[in-house]
Amino acid sequence: MPRPIVLFVRYVEAFNRIVGRLIMLLVFVMIGVLLYSSISRTAFNLPLIWVVEISQFMLVGYFLLGGAYSMQMGAHVRMDLFYAKWAPRKRAFTDTITAFCLVFYLVVLLMGGLSSTWYAIEYGQKNYSSWAPPLAPIKIIMCIGILMMLLQAVAIFLKDLARVRGLAMPGVRDEESDR
């Protein structure tokens, strides 16, 4: 494969691996916030109005920013009734088709996310709740996560395309060899 493609795949995967491993730690922050809420409500009879929403926002960040790493590790659900029995090149060919569809979906999703983010920034959109936090920060995180998944989907597509053509990508981790 051409060097720019190999470098693109290598850098996208390295970035997503770093972010994914860091974002895994967010689960402990969520546990801490929920534990703090539980203690303040039961021990001090002090319910907090912001806990549910901040936990939801953290879960959205956890899910979306960790999505690219999950794709990279092949940790998503796959219906492999026939897939597991196929030869590696046939699996790679099938994966190029599904990756192409995924890229199309993520582009449309990103366009909608950017539009929604722009609206939230321009009009100072707030959530309809008693706490009423601004929605722009979580929408920005949403767009970053979708962009990371889009770049990872393109990287997966390029790796599968190389595998279909029988080409190697030096220095790039290959899920097929991990199976």
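The present account deals with the structure reproduced in this document. (Residues numbered from 1 in each chain as written. Predicted model: local features only at pLDDT ≥ 70, side-chain atom pairs only at ≥ 80, totals over all residues. Heavy atoms only, no water.)

Notes on the packing of aromatic side chains
- Here the structure, examined in full by the defined rule, presents three aromatic pairs.
- Aromatic pair Tyr 119 and Tyr 123: ring centres 4.9 Å apart, planes at 45°, arrangement tilted. On the criterion of helical spacing, the pair formed by Tyr 119 and Tyr 123 is a turn pair, its members being four residues apart in helix H5 (residues 88-123).
- Positioned over the ring face of Tyr 83 is Arg 91, at 5.8 Å from the centre of the ring. (Phe/Tyr/Trp six-rings, centres within 6.5 Å; stacked < 30°, edge-to-face > 60°. Helix = DSSP H or I, 4+ residues; strand = E, 2+ residues; numbered from the N terminus. Lys NZ or Arg CZ within 6 Å of the ring centre and 35° of its normal.)

Considerations on the environment of Gly 112
- Note on placement: Gly 112 falls in helix H5.
- Along the chain, Gly 112 and Val 12 lie 100 residues apart, while their C-alpha atoms are 23 Å from each other.

Topic: helix H3 (residues 51-65)
- The end-to-end C-alpha distance of H3, which contains 15 residues, comes to 21 Å, matching closely the 21 Å that a straight helix rising 1.5 Å per residue would cover.
- Buried within H3 are the following residues: Val 51, Glu 53, Ser 55, Phe 57, Met 58, Gly 61, Leu 64 and Leu 65. (Expected span 1.5 Å × (residues − 1). Buried < 20%, exposed > 50% of the residue type's maximum accessible area, 1.4 Å probe, protein only.)

Notes on a nonpolar patch on the surface
- A cluster of nonpolar side chains, namely Ile 18, Leu 22, Leu 25, Phe 28 and Ile 31, defines an oily patch on the protein surface of about 550 Å² accessible area.
- Tracing the sequence through the fold places Ile 18 in helix H1 (residues 3-23).
- Residue classification places Ile 18 among the exposed residues on the basis of a relative accessible area of 53%. (Patch = residues over 30% accessible without salt bridge, like charges linked within 9 Å, V, L, I, M, F, W, Y side chains within 5 Å. Areas by Shrake-Rupley, 256 points an atom, 1.4 Å probe, with all protein chains shown as cover. Salt bridge = Lys/Arg side-chain N within 4 Å of Asp/Glu carboxyl O.)

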